[in-house]
Amino acid sequence: MKRVSHWLVLVTVAAGLLALGYGGPAGAQPQKTLVIAIGADQTGLDPQTVQNNESGFVMSTIFDSVVNYKPGSSEVGPGLAESWTVSPDGKVFTFKLRRGVKFHDGTPMNARTVADDLDRAINPNNPCYVLARKGVDTYDDFTFGSVTDNTVAKMDVVDEYTLRFTLPDPSAPFLSSLAMTWQGIMSPAATKQYNCDASQHPVGTGPFKFVEAVRNDHITLDANPDYWGGRPKVDRIIFKIVPESATRMLMLERNEVQILADVPPSDYARAQNNKALQLYRQPGLTILGVAMSNDLGPFKDRRVRQAMNYAVDKDAINQGLYAGATTASQGMPPVLWGYNKGVSPYAYDVAKAKALLAEAGFPNGFSTEMMVYANPRGYNPIGGAKLGEAVQSYLTKVGINVKITQYEWGAYLDRFRHQPWEGFAITGWSGDNGDPDNFLGDLFEWDIAKGRARTNNTSRHHNPAYDRLLRDARRTTDQTKREQLYEQANKLLHDDAPWIFMNHTNQVRAARVNVKGFLLNPLQMFFHMELVSLE
Amino acid sequence: MATAGTVALRTSRRLAALSWRRLFAHSSFVAGAIIVTGVVAAAAFAPALAPFDPIEQAFTSQLLAPSRAHPFGTDEFGRDIFSRVIYGARIALVVGVVADGIAALLGVVLGVVSGYFGRRVDAFLMRTVDVLLAFPYLLLAMIVVAILGPSLINAMIAIGIVYTPQFARVVRGAVLQVKEEDFVEAARAVGAGSLRLLARHVLPNILSPIIVMATLTVGFMIVETAGLSFLGLGASPPTPEWGSMLATGRSFMLTAPWIATFPGLAILITVVGFNLIGDGLRDLLDPRLRGSR
């Protein structure tokens, strides 16, 4: 017996060594590695403490949120929570979490561990309270409110798999905010192990596990075979940092990388003419426009504002200044749900503009001012000054004489947000959570309680019917109903014309044709990469 | 009467140096004069010379390389750069002359007061001038524009103010010299008051350094104002100002170098023209100023 058992041990060990050396999933079949080129390095991978795109790109493959965006959409679907209910008053959100899900470090995912992680977003007494940390960018107060102005959400662990949030005011967009990559759930064990800062040791529940990050070179992630959403179809993702866009294109052509996170307009043709490559593009979750002072000067008259919209040739400017990298705007990004398909952008129609101006009592036009800034913005890659100059030239043709003044960005924002400016001002917005309220509400709503425009409603748009629609939409829990309300609001907004609605910067990516199942998401992140395969 | 005669004699002797014959014998003056005449002609006949409206945008003909239709090419708004450069001459000349006028006027007042009254007034004014001279020109101009608000007129005022100390320095030196001359002493002896002394005897005799200084600085004024416009503190769009054209062209240096090249050349040529004239005048009128800029 004794001798036999020794032999058994020996044989087992030998077999095990062999299996380790030659077998295993890596050796059994060719490893499928997907390389994605990004232009800059991540600055940290702890969701609650960063806001930049590159960090988000990587984090969206590592983390799940309580709810996730549906593939290719900004609509909210199941995430770590399988289902949820909202109280009739729209204030209490109860989430039923999945069973049997583990973080990449083995920590079980349940109401307690999720609450442990989110506690650092809302509890000032938590030693890792994010809002108290210096040098971090966080969406925590955006999503959960803040203690300082008494708007913070209350969180309760109801039972092992039930988590409840109670908000001070009804807010349906809370769900969209929870789905953001910036609210991905980190293993509380990791946060503890790394002394509140696991930003270079991220541990999530998502389709890919963090392996390593080499500064300014790459980030490696391996497939999580136990992913609750199904085993990823590639074995490894490498985010390769390549700052030069020409180099990125070259690497894609040589199959050294398979996906480019962004493509400059000058390379569109090159990607389109290459049969091995595919160009993905859709209007981005941004809006660019020229705000008008809705409460001052000739712009008080809606007809004048509409005339301004008719006077500017958006398509010519898109082709001429943006190299075709934008989509004309009717007031709301087309990729957002709640977008009214029956509303199209104002056409270029000088005669109509003149007629409207005459009707409003300005047959000979008028003189006014325009504020611009020079620097490029995410929603305006060419900067505000050039757009201003192009718009100025079009307005001259309908008798509007515009004097342009350029300000440095800080001074510009100060004037634009805090002073009762009159005339035009270049403005824009990049979406945060993919909820229509984040555009229609933030940018154009009147704060009824405070009796003034909301902070970013810089054009001071005020239409009680519009405000009612937005308030109702925030209080409605039924997604279909919300969608209808926003569609109506979209129509009103278009007709009110508080801005000259210009365009939406397109989201453009390129991939090799053997990359299958890849979908752009309006939020730009690399969500649902478990669905992507290499053939 | 004898005194007045002396003054007249001295003044006419200096200005006699400005005779056409001597001027045209001076090669750098002639070269400068030809260039500046060209620029003035371009400015005066801009509507006739320019083939296109300088501010008309055409998104169908953007970033075209120089060709027969567009000798200097087009910019990113499809505007004809040749037409813009021609119209830009008007602005450059106005800017140069107005800013220079402001600097000369303020500088002469300060310099004369400082040099003539001397002592504490002089000490105070010249220390102030020293402080101003210690500032980089452009920085000082930016401060002034920041206070006045960005516009072409304010840019001219700013540049004028910035160059005032230089004029004040030169004028003060000349006044110090002239006020010790016998004819001034003589005028004072016959009972002339300060105002009369300054107006009739001192000013006419410091005219030549002022003229030299003024022609020498016109070029710098044009460059500095272009610099302000380049930074977005000067001309507002769509004004065809050379400095702001440079600023626009900068981002197209690799793909459409003509956008920045031609306004840059225009600035260069105009400034060289004015400087050559200034050099010539200096040689003829006031050789002692050589090297003092």
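Residues numbered from 1 in each chain as written. Chains lettered and ligands numbered in written order. Predicted model: local features only at pLDDT ≥ 70, side-chain atom pairs only at ≥ 80, totals over all residues. Heavy atoms only, no water.

## What to know about the pattern of salt bridges
All names here are of chain A.
Item 1. Applying the stated criterion to the full structure yields 34 salt bridges over all chains.
Item 2. Residue arginine 302 is joined to aspartate 496 by a salt bridge in which the shortest nitrogen-to-oxygen separation is 3.3 Å. Of the two residues, arginine 302 is situated in helix α10 (residues 302–311) and aspartate 496 in helix α17 (residues 479–496); the sequence distance between them amounts to 194 residues.
Item 3. Classification of aspartate 496 as buried rests on a relative accessible area of 6%. (Salt bridge = Lys/Arg side-chain N within 4 Å of Asp/Glu carboxyl O. Helix = DSSP H or I, 4+ residues; strand = E, 2+ residues; numbered from the N terminus. Buried < 20%, exposed > 50% of the residue type's maximum accessible area, 1.4 Å probe, protein only.)

## Considering the UniProt feature "domain: ABC transmembrane type-1" (unreviewed entry) in chain B
Item 1. The UniProt record marks residues 89–278 of chain B with the feature "domain: ABC transmembrane type-1" (unreviewed entry), using the residue numbering of this structure.
Item 2. The distance from the first to the last C-alpha atom of residues 89–278 of chain B is 19 Å, and the span holds 82% helix and 0% strand. (UniProt positions renumbered as here; feature names shortened; annotations may be inferred.)

## Here's the deal with the packing of aromatic side chains
Residues and elements named next belong to chain A.
Item 1. In this structure the tally under the stated criterion is 33 aromatic pairs over all chains.
Item 2. Ring centres of phenylalanine 165 and phenylalanine 174 lie 5.6 Å apart, and the angle between their planes is 65°; this geometry places the pair in the edge-to-face category.
Item 3. Judged by relative accessible area, phenylalanine 165 falls into the buried class, the value being 0%.
Item 4. In this structure phenylalanine 174 comes out as buried when scored by relative accessible area, which is 3%.
Item 5. Look at tyrosine 280 and phenylalanine 518: their rings are 5.2 Å apart centre to centre, the planes differ by 80°, and that puts the pair in the edge-to-face class. In this pair, tyrosine 280 sits in strand β12 (residues 277–283) while phenylalanine 518 sits in the loop between β21 (515–516) and β22 (533–534), placing the two residues 238 residues apart along the sequence. Considered together, tyrosine 280 and phenylalanine 518 belong to a single accessibility category, that of buried residues.
Item 6. A network of ring pairs unites the aromatic residues Trp84, Phe93, Phe95, Phe144, Phe165 and Phe174 as a single cluster.
Item 7. Across the ring face of tyrosine 268, the terminal group of arginine 281 is positioned such that the distance to the ring centre comes to 4.8 Å. (Phe/Tyr/Trp six-rings, centres within 6.5 Å; stacked < 30°, edge-to-face > 60°. Lys NZ or Arg CZ within 6 Å of the ring centre and 35° of its normal.)

## Examining the sheet that holds strand β6 (residues 154–159) of chain A
All names here are of chain A.
Item 1. Taken in spatial order, the four strands of this open sheet run β4-β5-β7-β6, and their pairing is antiparallel. The open sheet has two edge strands, β4 (81–86) and β6, and neither has a second partner. Averaged over all pairs of adjacent strands, the angle between strand axes in this sheet comes to 20°, irrespective of strand direction.
Item 2. Summarising the sheet, β4 and strand β5 (residues 92–97) pair through five bridges and their orientation is antiparallel. Across the sheet, residue valine 86 finds its bridge partner in β5, namely phenylalanine 93.
Item 3. Against the sheet, helix α4 (residues 111–122) engages β5, β6 and β7 (162–166), with an angle of about 170° to β6. (Pairing = 2+ DSSP bridges. Axes fitted to C-alpha atoms, helices over the stretch in contact; angles between N-to-C directions. Contact = heavy atoms within 4.5 Å.)

## Some thoughts on helix α12 (residues 350–359) of chain A
All names here are of chain A.
Item 1. Among all positions in α12, only Ala353, Leu356 and Leu357 are buried. Burial along α12 is one-sided: seen end-on, the buried residues are contained in an arc of 100°. In this structure, α12 carries Ala351 and Glu359 as exposed residues pointing more than 90 degrees from its buried face.
Item 2. Next to the buried residues of α12 lie α10, β15 (366–373) and β16 (400–407).
Item 3. With its phi angle positive at about 95°, glycine 361 sits one or two positions after the end of α12. (Arc of directions from axis to C-beta.)

## What to know about the interface of chain B and chain A
Item 1. Across the boundary between the two partners, chain B contributes 16 residues, which contact 15 residues of chain A.
Item 2. The interface formed by chain B and chain A contains three salt bridges.
Item 3. Residues lysine 397 of chain A and glutamate 56 of chain B are paired through a salt bridge, measuring 3.9 Å at the closest nitrogen-oxygen approach.
Item 4. Run the count over chain B and chain A and you get six residue pairs in polar contact (both at pLDDT 80 or more).
Item 5. Each residue belonging to the side of chain B that touches chain A can be placed in one class, and the counts come to seven nonpolar, six polar and three charged. (Polar contact = N/O pair within 3.5 Å; in protein donor to acceptor, adjacent residues only side chain to side chain. Nonpolar A, V, L, I, M, F, W, Y, C, P; charged D, E, K, R; others polar.)

## Some details on the confidence of the model for chain B
Residues and elements named next belong to chain B.
Item 1. When pLDDT is averaged along chain B, the result is 86, and 91% of the positions lie at 70 or above.
Item 2. Segment residues 1–13: pLDDT under 50, and 13 contacts once partners within four positions in sequence are set aside and those in other chains are kept.
Item 3. Two numbers describe this predicted complex: its pTM, 0.79, and its ipTM, 0.71. (pLDDT = per-residue confidence, 0-100.)

## Describing the pairing of strand β10 (residues 236–241) of chain A
All names here are of chain A.
Item 1. Here strand β1 (residues 33–38) runs beside β10; their pairing, made up of six bridges, is parallel. Bridge pairing links threonine 33 to arginine 236 in β10.
Item 2. Relative to β10, strand β9 (residues 218–223) runs antiparallel, the two sharing five bridges. Each bridged residue has a counterpart across the sheet, and for leucine 221 the counterpart in β10 is isoleucine 237.

## Some points on the UniProt feature "domain: Solute-binding protein family" (unreviewed entry) in chain A
Item 1. The feature "domain: Solute-binding protein family" (unreviewed entry), as given by UniProt, occupies residues 75–444 of chain A in the numbering adopted here.
Item 2. Between the C-alpha atoms that bound residues 75–444 of chain A there is a distance of 22 Å. The span itself is 28% helix and 24% strand.

## Here's the deal with unusual backbone geometry
Item 1. In this structure, the amide linkage connecting proline 237 of chain B to the following residue, proline 238 of chain B, adopts the cis form with an omega of 0°.
Item 2. With respect to the helices, strands and loops of the structure, proline 238 of chain B is situated in the loop between α11 (207–230) and α12 (242–250).
Item 3. The backbone of asparagine 216 of chain A sits at a positive phi, close to 55°, despite the residue not being glycine.
Item 4. Locating asparagine 216 of chain A in the fold gives a position in the loop between β8 (208–214) and β9.
Item 5. With a relative accessible area of 56%, asparagine 216 of chain A lands in the exposed category.

## Considering the UniProt feature "transmembrane region" (unreviewed entry) in chain B
All names here are of chain B.
Item 1. According to UniProt, the feature "transmembrane region" (unreviewed entry) maps to residues 29–50, 91–117, 137–163, 206–235 and 255–278 in the numbering used here.
Item 2. With 91% helix and 0% strand, residues 29–50 has its two end C-alpha atoms placed 28 Å apart.
Item 3. For residues 137–163, the end-to-end C-alpha separation is 8 Å, with 89% helix and 0% strand making up the annotated structure.

## Comments concerning the packing of α12 of chain B against helix α13 (residues 258–285) of chain B
Residues and elements named next belong to chain B.
Item 1. Packing of α12 against α13 brings their axes to within 8 Å, and their N-to-C directions diverge by 150°. Every pair of crossing elements has a handedness; the one defined by α12 and α13 is left-handed. When α12 is examined against α13, the residues Trp242, Gly243, Met245, Leu246, Gly249 and Arg250 are found in contact with a partner set consisting of Ile259, Ala260, Pro263, Gly264, Ala266, Ile267 and Thr270.
Item 2. Tallied by class, residues from the contact of α12 with α13 come to eight nonpolar, four polar and one charged. (Left-handed = near helix turned anticlockwise from the far one by under 90°.)

## Describing the side chain of arginine 248 of chain A
All names here are of chain A.
Item 1. Along the chain, arginine 248 falls in helix α8 (residues 245–253).
Item 2. Classification of arginine 248 as buried rests on a relative accessible area of 5%.
Item 3. Here arginine 248 is in contact with Ala37, Ile38, Gly39, Val242, Pro243, Val257, Leu260 and Asp262, once residues within four sequence places are set aside.

## Remarks on the state of the cysteines
Residues and elements named next belong to chain A.
Item 1. Under the counting rule described, the total for this entry stands at one disulfide over all chains.
Item 2. Paired by a disulfide, cysteine 128 and cysteine 196 hold their sulfur atoms 2.0 Å apart. Its S-S torsion of about -70° marks the bond between cysteine 128 and cysteine 196 as left-handed, since a negative value means left-handed. Placement of cysteine 128 in the loop between α4 and α5 (140–144) and of cysteine 196 in the loop between α7 (188–193) and β8 is noted, with a sequence separation of 68 residues between them. Accessibility assignment for this pair places cysteine 128 and cysteine 196 in one class, buried. (Disulfide = S-S within 2.5 Å.)

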